[in-house]
Structures are given as structure tokens and as C-alpha cells.
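# A closer look at the structure
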Amino acid sequence: MLPLMAIAVIWFSLASASAQLAVGFYSLSCPGAEFMVRNTVRSAASSDPSVPGKLLRLLFHDCFVEGCDASILIQGNGTEQSDPANRSLGGFSVINSAKRVLEIFCPGIVSCADILALAARDAVELTGGPAVQIPTGRRDGRISSISNVRPNIVDTGFTMDEMIRIFSSKGLSLEDLVVLSGAHTIGSAHCSSFSDRFRQDSTGKLTPIDTSLDRSFAKELIDRCPVAANPSITVSNDPQTSSSFDNQYFRNLIAHRGLFQSDSVLFSDSRTRRLVEDFANDQESFFASWTQSFMKLTSIGVKGDGKGEIRQSCSAVNI
Ligand code: HEM
């Protein structure tokens with residue numbers, strides 16, 4: 001009988017050769033992988049409640065540029081991290097910690113791309129969202145270029161058509177756009193991220209450009225983010241239940257309390273309004289859809305079939 005380790009190695013070689021994602025991909029090669037990622041995320045989130053939001057956004061920005069291949073984690077001049085759209089990203093240290101632990105117990109086995117996908121999955125569950133069983137087996141990319149960021153990332157000022165175009169280029173539908181925007185039920189944003197919603201009148205006063213924005217909400221935002229506000233000030237994406245992954249985001253949209261223009265448009269556009277209403281009324285339906293859309297998000301442009309590598313350190317490609 002072959003020793004367990006040998007079976008693990010054979011299975012792992014076959015798995016990486018076929019490069020198919022599989023639930024439990026590491027069950028023989030590194031059985032504790034998912035547990036170690038979860039523990040790292042849990043402990044980081046317990047000392048810093050901003051961690052879950054950061055991890056979820058980090059995954060989004062990774063998967064939309066070069067696919068879910070941890071290209072966002074690579075440091076250096078001219079990498080994806082250098083783009084201003086990525087400057088406020090966080091959560092890197094959590095991924096690096098998980099990788100360090102995994103390199104001790106399972107050296108060279110678990111990709112940074114999988115760690116990031118698992119960590120974001122865990123972040124959702126930890127904040128009360130659905131537990132999603134995601135397949136693993138992603139490999140890490142070797143390309144990370146600032147020039148790939150802008151053409152692939154959605155900006156808050158985008159029209160619905162522009163958002164649809166970018167999402168569909170990733171294989172994501174209009175429904176996925178609405179569902180995944182529900183990520184804004186946790187986390188926070190800097191004042192500069194929604195300053196385009198206000199104009200300064202001749203007296204220096206800020207007024208909302210979108211007159212349908214709830215007046216008391218607009219006032220709260222202006223009070224928190226006056227002209228020349230400290231750039232480190234943040235506002236909760238979903239102030240009512242800022243650290244709970246729930247369907248409050250969709251209720252906010254109906255109440256005209258969407259933080260970004262790209263949030264508000266989901267309710268004002270007739271193509272997506274119905275779905276927003278459905279999710280606002282039925283959290284289970286949002287969670288069921290989240291499970292599907294999250295699986296699609298975490299499968300974008302996954303590298304396999306001899307492409308990519310298992311990075312030794314998440315912040316640099318292997319030499
Ligand atoms: C649809 C278009 C989207 C736009 C325009 C957008 C834009 C933004 C912006 C500008 C911020 C605030 C960044 C800051 O000021 O620090 C933010 C935060 C966030 N976004 Fe999005 N986003 C979109 C979709 C998504 C998706 C699909 C996800 C994940 C599945 C996501 C997850 C998050 C999270 C969790 C935060 C909070 C980050 C934190 O707390 O540090 N977003 N988003």
C-alpha cells in the first residue's frame with residue numbers, strides 16, 4: 001500500500017495537470033488549508049473589524065484584472081497596486097499571514113489566489129453572510145501591470161451600460177452585477193469615493209447633484225465629509241448594519257440611501273429595480289443568489305493547465 005504522502009503527491013500532480021478547480025482540492029495535499037485560512041481571517045477580524053470588507057474588495061479587484069490569480073498582491077513599481085483605484089485597498093497583511101502559516105505546514109502547495117478567494121469567502125460568512133463552498137486549485141499569475149487596471153475596473157461614476165459591459169466581459173450577468181454589489185452591505189469608503197455626488201455652490205456649501213438622494217442621508221455625508229475633509233475619514237457603506245452581511249444594502253437603495261452613484265443606479269434603472277426590490281424583501285433570496293454569483297466571481301480567468309505557479313511569497317512572483 002502506498003503511504004498517504006505518496007498518494008497525496010500523485011493526486012496533487014494529477015490535479016494540477018488537469019488544472020480543474022475542485023471542492024476540497026487540498027484535502028489530501030494540505031488537509032488543514034481551509035481551516036488555517038479561516039483561523040487567520042477570524043483572528044485578524046476579531047482585532048480589526050474592517051478586515052472582512054477589505055478582503056472582499058481585494059478579491060473583487062483581483063478577479064477583474066487578469067482573473068483570480070492574486071496579481072493584485074504583487075508589489076513593485078507599475079504593478080496593479082500602483083493604480084490609484086487600488087490605493088485604498090487593504091487586507092494584504094491578512095493574506096500574507098495566512099500564506100506564512102501555510103508555507104510552514106504545506107510548503108509550496110497552496111496558491112495565494114486560493115488563499116484570497118477563501119479569505120473573502122470566510123469574511124462573508126464571519127459577518128453573517130452565507131457559507132459558500134468554493135472549489136480551489138487556482139494558480140498564481142506572474143503578470144501584474146498598472147496598465148491592465150483601468151480597462152477592467154468599474155468606477156463609481158460609470159453608467160449602467162458601462163458597468164454591464166465590464167461585468168459581461170468577465171462572464172457576469174446583469175443579475176450578478178446587482179447581487180455582487182450587495183457586497184457594499186459591509187465595509188467603508190473614503191470621502192473622495194463619493195465626492196462626485198456633491199457640488200460646491202458659490203457660497204462654498206455642498207449640495208447633492210442627484211436630487212433624489214435622501215436629504216438626511218446627504219446631510220450626514222456632508223457633515224462627515226466637508227470640503228477638504230481629512231483624506232483618512234471613512235463612511236460606512238451601509239451605516240445601519242455596517243458590519244453585518246445582510247440585505248440592508250438593498251433596503252438602503254430603495255430608501256435612496258445608496259452611497260455611490262453606481263449603487264443608486266441599480267434602483268433607478270428599470271432593468272435592475274425589480275431585483276433590488278426582491279433582495280430587499282427577501283434576504284434568503286439574496287443569499288442564494290450571492291452563493292451563485294460569488295462562485296462565478298471567484299472563477300474568473302482562473303489559471304490552470306500549466307499556467308501560473310504557486311508563489312512562495314504572495315507579494316512577489318517566484319524567481
Ligand atoms: C459594481 C461596481 C462597483 C463599484 C463602482 C465599487 C466601488 C467601490 C468604492 C469606490 C469603494 C470605496 C473605496 C474606498 O474609498 O476606500 C468600495 C468599497 C467596497 N467594495 Fe465596491 N464597488 C463595486 C462593486 C463591488 C463588488 C462586486 C464587490 C465585491 C464582491 C465590492 C466590494 C466592496 C467592499 C467590501 C467595499 C468596502 C471596502 C473596505 O471596507 O475597505 N464592490 N467599492
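See above for the structure.
Below is a summary of the structure that appears in this document. (Residues numbered from 1 in each chain as written. Predicted model: local features only at pLDDT ≥ 70, side-chain atom pairs only at ≥ 80, totals over all residues. Heavy atoms only, no water.)

### With respect to the environment of N247
Following the sequence through the fold, N247 ends up in the loop between β4 (234–236) and α9 (248–254). According to the relative accessible area criterion, N247 is buried, its value standing at 5%. A C-alpha to C-alpha distance of 13 Å links N247 and G258, two positions 11 residues apart in sequence. When neighbours within four sequence positions are excluded, N247 is seen to be in contact with F279, A280, N281, D282, Q283 and F286. Of note is the side chain of N247, whose polar atom sits 3.1 Å from the backbone oxygen of A280. (Helix = DSSP H or I, 4+ residues; strand = E, 2+ residues; numbered from the N terminus. Buried < 20%, exposed > 50% of the residue type's maximum accessible area, 1.4 Å probe, protein only. Contact = heavy atoms within 4.5 Å. Polar contact = N/O pair within 3.5 Å; in protein donor to acceptor, adjacent residues only side chain to side chain.)

### Considering the environment of T79
As for its placement among the helices and strands, T79 is situated in the loop between α3 (51–63) and α4 (92–105). On the accessibility criterion, T79 (7% relative accessible area) is buried. Between the alpha carbons of T79 and F60 there is a distance of 16 Å; along the sequence they are 19 residues apart. What T79 contacts, discounting residues up to four positions off in sequence, is I74, S144, S145 and I146. At 3.2 Å, the side chain of T79 forms a polar contact with the backbone oxygen of I74.

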